[in-house]
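Take a look at the letters that make up each chain.
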Amino acid sequence: MKIVLNGEAREVAASTLSDLLAECGFSGRVATAVNEDFISAVLRDHQVLQDGDRIEVVAPMQGG
Amino acid sequence: MKTFYGIDLPNPLMLGTAQYPSPAILEQAVRESGAGVATVSLRREGAGGTGQAFWQIVQDLGVLILPNTAGCHTVKEAVTTAHMAREVFDTKWIKLELIGHTDSLQPDVFQLVEAARVLTEDGFQVFPYTTEDLIVAERLLMAGCEILMPWGAPIGSGRGLNNEYALRAMRAEYPDVPLVIDAGIGLPSHAAHAMELGYDAVLLNTAVARAGDPVVMARAMMGAIQAGRLAHEADPIAARDMAEASTPVIGKAFLS
């Protein structure tokens, strides 16, 4: 399936958002959005990915 | 002493965590300043989990965390970012930034009020980055904000308090609302100025992080903030246009 992960086109095998995080090596404190909508951690198992989905994975960063 | 959504700050400095020469200098600056709050953000996670390393640093600092929505230009974007921040940082606090102008980074106050309302209704405790406009301030309070954070000057400009008159008016209008000067501070004297006006805290980043010696500047900022607060509590004299002799005239010897 083709998706866009953090702005980059990717071909992935994962079918859910949880699977995607594992497949791409994300761990620890991250938050996710699919097609600009926040998806909480407890819903990632149920978030079935569709071809063309735009996924954002963010983490703590320096800020002012 | 006012509380920030029920929390007593150990001191009135909120320090940003961006732009330091190294993580070690960031840590030292926060510790030596004694800042009670550190501001943080969310960005795309990089290869190797760079965000996780930063999260460890933040945890080790042992200060309160205030995540921001820096760089957001729409209500939708800011609200989504706030939800992500609440999950990642495990806090209801959100420093709500809605940028309306690219060059000045002036807040879009119309969208700010709407986002504040949405987030407050969803249980967030909003710290709104706003202008000194009193009508906007009133709308933010009506939207559920219990704190106001007017800018001193544009973010990163280091110009100090551009509009002292309006900031003084805001303090007078809302004596019981915690007020924080957010952005524009360049020098310790600017921070002292804010506290002398009766503001409850100062939030700054660039002035410390981009100084030649951020650790020493962090200490200088805290010293100035404490001096400014003491000065306000001491009820300073009013400025005059003409001189007024401090040494008594009565009793002076006639020697001419």
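Keep in mind the model is a prediction, meaning the values are calculated, not measured.

A look at the overall build of chain B
- Counting secondary structure elements, chain B contains nine helices and eight strands.
- Counting over 256 residues, chain B shows a buried share of 51%.
- Across chain B, every contact between residues at least 6 apart in sequence was considered, and the portion connecting residues at least 24 apart equals 67%.
- Put simply, chain B shows about 12,000 Å² of open surface, and 55% of that area lies on carbon and sulfur atoms.
- Each charge class in chain B can be summarised by its mean position, and for the 18 positive and 29 negative side chains these summaries are 2 Å apart.

A look at the packing of helix 4 (residues 109-121) of chain B against helix 5 (residues 134-142) of chain B
Residues and elements named next belong to chain B.
- The geometry of helix 4 relative to helix 5 is characterised by a closest axis approach of 8 Å and an angle of 15° between their N-to-C directions. Between helix 4 and helix 5, the interaxial angle falls into the category roughly parallel. For helix 4 against helix 5, the interelement crossing comes out right-handed. Contact residues: Val109, Leu112, Val113 and Ala116 in helix 4; Val136, Arg139 and Leu140 in helix 5.
- By residue class, the composition of the contact of helix 4 with helix 5 is six nonpolar, no polar and one charged.

Focus on the pairing of strand 5 (residues 125-130) of chain B
Residue and element names in this part refer to chain B.
- Burial analysis of strand 5 places five of its six residues in the buried class, the great majority of the element.
- Relative to strand 5, strand 4 (residues 93-96) runs parallel, the two sharing four bridges. In the strand pairing of strand 5, Leu96 is matched with Pro128.
- Once the chain exits strand 4 it traverses helix 4 before rejoining the sheet at strand 5, and the crossover so formed is right-handed.
- Note that strand 5 and strand 6 (residues 149-150) share two bridges and pair parallel. Residue pairing across strands places Thr130 opposite Pro150, the latter belonging to strand 6.
- The parallel pair strand 5 and strand 6 is bridged by helix 5, and the resulting crossover is right-handed.

Observations regarding the pattern of salt bridges
- In this structure the tally under the stated criterion is 15 salt bridges over all chains.
- With a closest N to O distance of 2.8 Å, Glu36 of chain A and Arg54 of chain A form a salt bridge. In this pair, Glu36 of chain A is assigned in the loop between strand 3 (31-34) and strand 4 (37-39) and Arg54 of chain A in strand 5 (residues 54-62), connecting sequence segments 18 residues apart.
- With relative accessibility at 44%, the residue Glu36 of chain A sits in the partly exposed group.
- Three or more residues joined by partner-sharing salt bridges are found here, namely Lys2, Arg171 and Asp200 of chain B.

Focus on the confidence of the model for chain B
- Overall, the prediction assigns chain B a mean pLDDT of 96, with 100% of residues at 70 or greater.
- At the level of chain-chain contacts, confidence expressed as ipTM amounts to 0.95, with global pTM at 0.94.

Points about the environment of Leu20 of chain A
Residues and elements named next belong to chain A.
- Note that Leu20 resides in helix 1 (residues 17-23).
- Given the relative accessible area of 0%, Leu20 is considered buried.
- C-alpha separation for the pair Leu20 and His46, spaced 26 residues apart in sequence, amounts to 12 Å.
- Contacts of Leu20, omitting those with residues within four sequence positions, involve Ile3, Leu5, Val12, Ala14, Leu49 and Ile55.

Cut-offs applied
Residues numbered from 1 in each chain as written. Chains lettered and ligands numbered in written order. Predicted model: local features only at pLDDT ≥ 70, side-chain atom pairs only at ≥ 80, totals over all residues. Heavy atoms only, no water. Helix = DSSP H or I, 4+ residues; strand = E, 2+ residues; numbered from the N terminus. Buried < 20%, exposed > 50% of the residue type's maximum accessible area, 1.4 Å probe, protein only. Contact = heavy atoms within 4.5 Å. Areas by Shrake-Rupley, 256 points an atom, 1.4 Å probe, with all protein chains shown as cover. Lys, Arg positive; Asp, Glu negative; His and termini not counted. Charge placed at Lys NZ, Arg CZ, Asp CG, Glu CD. Axes fitted to C-alpha atoms, helices over the stretch in contact; angles between N-to-C directions. Parallel < 35°, antiparallel > 145°, perpendicular 65-115°, else oblique. Left-handed = near helix turned anticlockwise from the far one by under 90°. Nonpolar A, V, L, I, M, F, W, Y, C, P; charged D, E, K, R; others polar. Pairing = 2+ DSSP bridges. Right-handed = clockwise from strand over helix to strand, strands pointing away. Salt bridge = Lys/Arg side-chain N within 4 Å of Asp/Glu carboxyl O. pLDDT = per-residue confidence, 0-100.

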